[in-house]
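Each chain is listed here by its residues.
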Amino acid sequence: MIVPGTDSQAVAAELAAILDEPLAEVEYRRFADGELLVEVPPQDGRAIVVAATGTSEAHVQLLQLQDAVREAGAEEVITVIPYMGYARQDEAFEPGQPVSARAMAKAISTGTDRVLTVSPHESSILDFFTVPATAVDGGPALAEPLPEDLTDPVFLAPDQGAIDLAETVRDAYGRGETDAFEKHRDRETGAVEIEPAALDVAGRDLVVVDDIIATGGTMSGAIAALGERPERVFVGAVHPLLVDGALAKLSNAGVEAVYGTDTIERSVSEVSVAELIAAAI
Ligand code: R5P
């Protein structure tokens, strides 16, 4: 049975349809003091818990769902985390800080037989789980919603860490060049400084891709750093977190359309990663 968290309803339903497994109707409740509670239907065989952990509450809810399905009779628990929160803190960047990704991974490992996640910020975080953990690449899905008539397209990574993603999306689209910017983020203020790439974008369509769009600062900074104006600008992210007015920021940067997948359910989540997850289960 597929058992969804509050924030992963659509992708769980899609997964249930693809795998032809029942979709649990979970009761999500909250006590007067704010604590969360879930209630799942009786289980047998395997339970596939599908829950993105984009918020701290979603993380707690995932742990509860894992525990609840075992209590309800599941013999095997597979945990699918379409978007894993806290993954960007994959090392202690300053003395006294935690490796949050490790702390989360350890907690999640206690309630499951294995873990599947989509495009983690760094694949090295998979080693933090103490049960088998695998990642599927959501990148190819970002080519799907792009217009077929892109003019001499450039697929641009806003930082060096997204170069592979830019190449993946270009390959899935079938044509175009790739390039990347250098990004430096001030850890104190969060301010982003971007050094332009050498590419020529005048008269061409630009597709900027990244694993995550959070505030939109990285994407809009990259677009602003271009020497010339491209013809049209499209933006794609596997995980469209879109916090703090990110869409307005991108619109003001001249972006024609923003695309994301349903690892995070937002208005821009135009493509589903359910097929990719189903293939990996
Ligand atoms: C960080 O390295 C990630 O790959 C993204 O570039 C970052 O999370 C985007 O954040 P924001 O939209 O707030 O600039």
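Right above here is the structure, for reference.
Residues numbered from 1 in each chain as written. Predicted model: local features only at pLDDT ≥ 70, side-chain atom pairs only at ≥ 80, totals over all residues. Heavy atoms only, no water.

Q: Can you lay out the overall build of the chain for me, pointing to particular residues and giving the numbers?
A: Regarding its fold elements, the chain presents seven helices and 15 strands. On C-alpha atoms alone, the chain measures out to a radius of gyration of 20 Å, which is about the 19 Å that the 2.2 N^0.38 rule sets for 281 residues. When its C-alpha atoms are laid out on the principal axes, the chain stretches across 60 × 45 × 35 Å. Within the chain, the fraction of its 281 residues that count as buried is 50%. Within the chain, contacts between residues at least 6 apart in sequence are counted, and of these 64% link residues at least 24 apart. Of the roughly 12,700 Å² of accessible surface on the chain, 46% is carried by carbon and sulfur atoms. (Helix = DSSP H or I, 4+ residues; strand = E, 2+ residues; numbered from the N terminus. Rg over C-alpha atoms; globule rule 2.2 N^0.38 Å. Buried < 20%, exposed > 50% of the residue type's maximum accessible area, 1.4 Å probe, protein only. Contact = heavy atoms within 4.5 Å. Areas by Shrake-Rupley, 256 points an atom, 1.4 Å probe, with all protein chains shown as cover.)

Q: Any details on the site of the ligand? Residues and values, ideally.
A: Close to the ligand lie 14 residues; Asp-210, Asp-211, Thr-215, Gly-216 and Thr-218 are nearest. The contact in question runs from an oxygen atom of the ligand to an N or O atom on the side chain of Asp-211, over 2.6 Å. Expressed as a share of its isolated accessible area of 370 Å², the protein-covered part of the ligand is 90%. Broken down by secondary-structure element, the contributors of at least two residues to the shell around the ligand are strand E10 (182–185), strand E12 (205–213) and helix H5 (217–224). Its residues assigned to classes, the shell around the ligand comprises three nonpolar, five polar and six charged. (Near = heavy atom within 4 Å. Polar contact = N/O pair within 3.5 Å; in protein donor to acceptor, adjacent residues only side chain to side chain. Nonpolar A, V, L, I, M, F, W, Y, C, P; charged D, E, K, R; others polar.)

Q: Give a description of the side chain of His-59 that names residues and reports values.
A: Tracing the backbone through its elements, the reader meets His-59 in helix H2 (residues 56–71). Among all residues touching His-59, those that are not within four sequence positions of it are Thr-53, Met-104, Ala-107 and Ile-108.

Q: Give a description of the pattern of salt bridges that names residues and reports values.
A: Inspection of the entire model under this criterion finds nine salt bridges. Close ionic contact of Asp-113 with Arg-70 constitutes a salt bridge, the shortest N to O distance being 3.3 Å. One end of the pair, Asp-113, is in the loop between helix H3 (100–109) and strand E6 (114–118); the other, Arg-70, is in helix H2, with 43 residues separating them in the sequence. With a shortest N-O distance of 2.9 Å, Asp-171 and Arg-170 are connected by a salt bridge. For Asp-171, a relative accessible area of 52% corresponds to the exposed category. (Salt bridge = Lys/Arg side-chain N within 4 Å of Asp/Glu carboxyl O.)

Q: Explain unusual backbone geometry to me, using residue names and the numbers behind them.
A: The backbone of Tyr-86 sits at a positive phi, close to 65°, despite the residue not being glycine. According to the relative accessible area criterion, Tyr-86 is partly exposed, its value standing at 37%. Located in the positive-phi region is Ser-119, a residue other than glycine, with phi close to 35°. Summarising the element assignment, Ser-119 is placed in the loop between E6 and strand E7 (133–136).

Q: Please give an account of the pairing of strand E4 (residues 46–50) that cites residues and values.
A: Across the five residues that make up E4, a large majority, four, are buried. The sheet contact formed by strand E1 (residues 2–4) and E4 spans three bridges and is parallel. Across the sheet, Val-3 pairs through a bridge with Val-49, a residue of E4. Pairing of E4 with strand E5 (residues 76–81), which is carried by five bridges, proceeds in the parallel orientation. By the bridge assignment for E5, Ile-48 is matched with Ile-78. Of the crossover connections in this fold, the one passing from E4 over H2 to the parallel E5 is right-handed. (Pairing = 2+ DSSP bridges. Right-handed = clockwise from strand over helix to strand, strands pointing away.)

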